[in-house]
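Okay, here's what each chain looks like letter by letter:
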Amino acid sequence: MAFDNGIIDLRSDTVTRPTPEMRRAMYEAEVGDDFWGDDHTVKRLEEKAAQLFNREAALLVLSGTIGNILSIFTQSKSGQEIIIESRSHLWRCEATHLSTVSRVTVQLVSGDRGIMDPDKLRSYIRGNELEEPRTALVAVETSHNGAGGTILPPKNIAAISSFAKSNKLAFHIDGARIFNATVELGIKPAEYISDATSVMFSLSKGLCCPQCSMIVGSKDFIEEARRKRLTLGGHLRQGGFLAAPGIIALDTMIDRLKEDNDHARYLAETLSAEGLAELDLTSVQTNIIRGDFRPICRNPKELTEFLAKKGVLVWIGDDSGMRLVTHYWINRDDIEKLLSALREYAQR
Ligand SMILES: *Cc1c(COP(=O)(O)O)cnc(C)c1O
């Protein structure tokens, strides 16, 4: 399908643009001042999100990062400690807010494809000794971006959830792409998250909305997060313009994510079968492919430019490592175009 200008952009699902229906909904959105509790479109979206996850309340936030900040800032105190996975987005891309906003220390646990072993987590809890920080929270990420979009099994989430509960820890799920996981598992979001005390999910990625993400949890948690959102200057005025596409997303864009997962699977299998890329097929579980173009690529910059000239944007690192992400604006034809461009490059 590509964008209107014909560009096929596989660099990320953050590049997705709103659908025509979403643009119309934004234009026509009923808005108010959310600070005064007057924006009914925001309220409707927040109620919908809370229902979807079977939680008391939800909050619209301006990015996934703010959603993660608020979840940790609200459920820990300065000087406490949190347990996160070593390749998580929270560690790779967001460590600075942990030290500057929440001011917590971190225990890094390396997982297998992002999956932490619940039986080993006990040994990471601290706070019994006078000199130790107290552990406040454990977080997981699903689908796991750094591990290649891998899915945390529901059993693993349930086990970590009960670990958190029995040790009186908050349990946060960084679920920027949680629906790519739930549609693949064929499980309801509310069941998947077990007893997580907070969940962040992105409206801006596969769901195609502009800008926003949401957090869900108990009424008390969301009330406190709302106060802290204001502390960060992240409160909304006419938030309805941003909430209106979110309502469409939750109503109509979740189930179709399966197509994106299937496209990634087909692309990964073809790349691998034709020797166009080196990748671990078992890690391709949702809409992300991580691997490298070393089998065909001598010069990463040259390959990137070659593809760009054909109207295909991909991210290739200096070591020929790559990440390809499928989404609403990528259809089977677009994938065939990328494949033929790669075949042409390989044969030069
Ligand atoms: C994208 C992403 C975020 C941050 O979302 P932004 O809206 O870009 O701030 C957080 N966690 C994960 C796993 C992500 O992929």
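What counts as what
- Residues numbered from 1 in each chain as written.
- Predicted model: local features only at pLDDT ≥ 70, side-chain atom pairs only at ≥ 80, totals over all residues.
- Heavy atoms only, no water.
- Pairing = 2+ DSSP bridges.
- Helix = DSSP H or I, 4+ residues; strand = E, 2+ residues; numbered from the N terminus.
- Contact = heavy atoms within 4.5 Å.
- Polar contact = N/O pair within 3.5 Å; in protein donor to acceptor, adjacent residues only side chain to side chain.
- Domains from an automatic or database assignment.
- Buried area = accessible area lost by both parts, 1.4 Å probe.
- Axes fitted to C-alpha atoms, helices over the stretch in contact; angles between N-to-C directions.
- Near = heavy atom within 4 Å.
- Areas by Shrake-Rupley, 256 points an atom, 1.4 Å probe, with all protein chains shown as cover.
- Nonpolar A, V, L, I, M, F, W, Y, C, P; charged D, E, K, R; others polar.

Quick look at the sheet that holds strand β12 (residues 315-316)
The strand order across the open sheet built from 4 strands is β9-β10-β13-β12, with neighbouring strands paired in antiparallel fashion. Of all strands in the sheet, those bounded by a partner on one side alone are β9 (278-279) and β12. By the bridge criterion, 2 bridges tie β12 to strand β13 (residues 321-325) in an arrangement that is antiparallel. Across the sheet, the residue bridging to Ile-316 is Met-322, located in β13.

So, the environment of Asp-39
Within the element layout of this structure, Asp-39 appears in the loop between α1 (20-28) and α2 (40-52). The spacing of Asp-39 and Leu-236 is 197 residues in sequence and 9.2 Å in space, taken between C-alpha atoms. With sequence-adjacent residues up to four places away left out, Asp-39 is seen in contact with Glu-30, Val-31, Gly-32, Asp-33, Asp-34, Arg-237, Gln-238, Gly-239 and Gly-240. A distance of 3.1 Å separates the side chain of Asp-39 from the backbone nitrogen of Thr-41, its partner in a polar contact.

Examining the domain arrangement of the protein
Domain annotation for the protein reports domain 1 (8-15 + 256-346) and domain 2 (31-252). A straight line from the C-alpha centre of domain 1 to that of domain 2 covers 29 Å. Listed as interface residues are 18 residues of domain 1 and, on the opposing side, 22 residues of domain 2. Summed over both partners, the interface of domain 1 with domain 2 buries about 1700 Å², with 46% contributed by carbon and sulfur atoms.

Side note on the environment of Glu-56
Relative to the elements of secondary structure, Glu-56 occurs in the loop between α2 and β2 (57-61). For the pair Glu-56 and Ile-151, spaced 95 residues apart in sequence, the C-alpha separation works out to 26 Å. When neighbours within four sequence positions are excluded, Glu-56 is seen to be in contact with Ala-50, Gly-217, Ser-218 and Lys-219. Within the local environment of Glu-56, its side chain forms a polar contact with the backbone nitrogen of Lys-219, the two atoms lying 2.6 Å apart.

Focus on the sheet that holds strand β3 (residues 81-85)
Backbone hydrogen bonds hold the strands of a sheet together, and the pairing may be parallel or antiparallel. Taken in spatial order, the 7 strands of this open sheet run β2-β8-β7-β6-β5-β3-β4, and their pairing is mixed. A single partner strand is all that each edge strand has here, and the edge strands are β2 and β4 (105-109). Between one strand axis and the next, the sheet turns through 20 degrees on average, direction left out of account. In this sheet, strand β6 (residues 170-175) lies alongside strand β5 (residues 135-141) in parallel orientation, the contact comprising 5 bridges. Counterpart to Ala-139 in the pairing with β6 is His-172. Packing against the sheet, α2 makes contact with β2, β7 (198-202) and β8 (213-217), and its axis sits at approximately 125 degrees to β2.

Comments concerning the site of the ligand
In the vicinity of the ligand lie 13 residues, with Gly-64, Thr-65, Asp-174, Arg-177 and Lys-205 positioned nearest. A distance of 2.8 Å separates a nitrogen atom of the ligand from a polar side-chain atom of Asp-174. Take Lys-205: an N or O atom from its side chain is 2.8 Å from an oxygen atom of the ligand. Relative to its unbound accessible area of 380 Å², the ligand is 86% covered by the protein chains. The dominant element in the shell around the ligand, judged by the number of residues it contributes, is helix α3 (residues 64-74), at 3 residues. Classifying every residue of the shell around the ligand by side-chain character gives 2 nonpolar, 6 polar and 5 charged.

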